[in-house]
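# Fold and geometry: a report
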Amino acid sequence: MPYKNLLKFPPEITHVVLGGHAFIDQEGLDITSRDLAHTFALNYGFDINLPNQRSQVMKTFQDAMTFLQTNILEETNLKIPEKIVKLQDPLDLLIWASASPRTKMAEWSCAILRIMHTLLYIDNNIFLRFLPEIQRHVFARYDRYIAQRRDGRWFLEGNYQVPLLDFRQKEGKNRDSMLLKLLHKPENVTETIYDNIGIRFVAEDLLDVLLVLRFLIDHNVFQATHIKPSRTRNLIVDPVLLEEWVDSLPDNFSINSLSPPERIELSEKLAQRIGRPSVNPFSSRDYSAMQLTVNTLVRLPGPGIMALEKIQQIINDSGKPEMLDQFHVSELIRDQEEFTFFFAHEVQILEKTGFDNSRLGPASHTEYKLRQRKVVRKRLLRGLLSQEATC
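Residues numbered from 1 in each chain as written. Predicted model: local features only at pLDDT ≥ 70, side-chain atom pairs only at ≥ 80, totals over all residues. Heavy atoms only, no water.

Helix and strand content of the chain: 17 helices and 8 strands. Within the chain, buried positions represent 44% of all 391 residues. Across the chain, every contact between residues at least 6 apart in sequence was considered, and the portion connecting residues at least 24 apart equals 77%. As displayed, the chain offers around 22,600 Å² of accessible surface, 53% of which is attributable to carbon and sulfur atoms. (Helix = DSSP H or I, 4+ residues; strand = E, 2+ residues; numbered from the N terminus. Buried < 20%, exposed > 50% of the residue type's maximum accessible area, 1.4 Å probe, protein only. Contact = heavy atoms within 4.5 Å. Areas by Shrake-Rupley, 256 points an atom, 1.4 Å probe, with all protein chains shown as cover.)

With that settled, consider unusual backbone geometry. A cis amide bond links Ser100 to the next residue, Pro101, at an omega of 0°. With a phi angle near 55°, Asn188 is a residue other than glycine that sits in the positive phi range. With relative accessibility at 2%, the residue Asn188 sits in the buried group. The phi dihedral of Asn220 is positive, around 55°, even though this residue is not glycine. Residue placement: Asn220 occurs in the loop between helix H10 (206–218) and strand S6 (233–234). Residue class for Asn220 comes out partly exposed when judged on its relative accessible area of 42%.

Here we take up the sheet that holds strand S3 (residues 161–164). Taken together, the 3 strands give an open sheet; going across it, the order is S1-S2-S3, and neighbouring strands pair in antiparallel fashion. Edge positions in the sheet fall to strand S1 (146–148) and S3, since each has one partner strand and no second. Averaged over neighbouring strand pairs, the angle between their axes works out to 30° when direction is ignored. Across 4 bridges, the pairing between strand S2 (residues 154–157) and S3 is antiparallel. The residue bridging Glu157 from the neighbouring strand is Gln161, located in S3. Taken strand by strand, H10 contacts S2 and S3, and its axis lies near 130° from that of S3. (Pairing = 2+ DSSP bridges. Axes fitted to C-alpha atoms, helices over the stretch in contact; angles between N-to-C directions.)

Considering all chains together, one arrives at 12 aromatic pairs under this definition. Relative to Tyr44, the ring of Phe40 lies with its centre 6.4 Å away and its plane at 35°, an arrangement referred to as tilted. One end of the pair, Phe40, and the other, Tyr44, are both in helix H2 (residues 34–44), 4 residues apart, so they sit about a helical turn from each other. The partly exposed category is assigned to Phe40, whose relative accessible area is 32%. Summarising the aromatic geometry, the rings of Phe130 and Phe339 are spaced 5.4 Å apart at their centres and angled 55° between planes, so their arrangement reads as tilted. Remark: Phe339 occurs in strand S8 (residues 338–351) and Phe130 occurs in the loop between helix H7 (126–129) and helix H8 (131–143); sequence separation between them is 209 residues. By relative accessible area, Phe130 is classed as buried at 19%. Site record: aromatic cluster; members linked through ring pairs are Phe127, Phe130, Phe339, Phe341 and Phe343. The ring of Phe155 has Arg149 sitting right over it, with the charged end atom 4.1 Å from the ring centre. (Phe/Tyr/Trp six-rings, centres within 6.5 Å; stacked < 30°, edge-to-face > 60°. Lys NZ or Arg CZ within 6 Å of the ring centre and 35° of its normal.)

Put simply, the chain has an average pLDDT of 86, and 89% of its residues get 70 or more. Contacts for the low-pLDDT stretch residues 275–287, under 50 throughout, to residues beyond four places or in other chains number 35 contacts. Low pLDDT (under 50) marks residues 387–391, which in the prediction has 20 contacts with non-local residues, meaning those over four places away or in another chain. (pLDDT = per-residue confidence, 0-100.)

A separate point is the sheet that holds strand S5 (residues 197–203). Pairing between sheet strands relies on hydrogen bonds along the backbone, with the strands arranged either parallel or antiparallel. Here 5 strands make up an open sheet; going across it, the order is S4-S5-S8-S7-S6 and the pairing mixed. Across the chains shown, the open sheet's two edge strands, defined by having one partner strand only, are strand S4 (166–171) and S6. The pairing of S4 with S5 spans 6 bridges and is antiparallel. Directly across from Lys170, in S5, lies its bridge partner Gly198. Set on the sheet, H8 makes contact with S4, S5, strand S7 (290–301) and S8; between it and S5 the angle comes to about 25°. Helix-sheet contacts for H10 involve S5, S7 and S8, and the interaxial angle to S8 is about 165°.

Below is the structure:
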């Protein structure tokens, strides 16, 4: 179709490509025919004429509807139009979202498409397909140093010992949590979810927090070389004051020589007070933690290895092991390359007060989710909520 003025750029170019805004924040689409809708979907990545790809899109649509109804609309009086509920052709959503002037059907179509777009990025993330294997690989680095006594107390044990009040491993977000997190992130689908795998250490006070960190570095559980600096959030200790204090210590100093009042006084002296950075606008000011994002090189067997090992097992079970030599199965397995990649996980180290705040009051996880959901609701339902602009 001919363009009369090639320099009359649409918002998707000026706002998204040039302006750096997320695509889901655009004011609808510009798809005015079924042919254009099919071409858009095809270049997005789906041929709606192919049954398996159409089925995948329709499943994503149904999942988006469920998420919208159970997570977003529960505190509103809004009801999804029956025409959308009974949708048979996903291309209709693209056409409805392009209505000009804007209609309520266009706004609802926008809301559904925003969720579908984000879901498709989650469901087609190759790393998430290997998440159980990645979890085992990452957790093994920590598990070898974690000990729990019969009385329930936790310790880090290696060349020396550090007491813990609590230790927890987070084994990945569920799909709705990932969706909610990406929908509230300004960059949306370009964002990386770093806390799919998380490790949390809780120590008694600031000094024990520092000892936990020192233990993990000393024992190469993770290395400074693999920390993502832009993701570091230190809300506990002032590094400048810490360095000054460390420089003043005698060589024979032992932290065990400090009395409880002296520990409290020192912790208050070293506490982070100025410019408490926060990369997450949904976290409470009462939330106090040291949070690090750490990359780990993960080594997994390639898909060919798993297939060949299955063949090897079948041949062995058949009672004809000579076939393994005939087809050189062992050599084929040995020659397969490993599947290697860096995967980021989150490490949190909290002192007792910060841990208690994270469970109760404005810093609690429940309150965090409520603030997060409120922002997502406004983003998805622009033009549908009262006193909101169109999408």
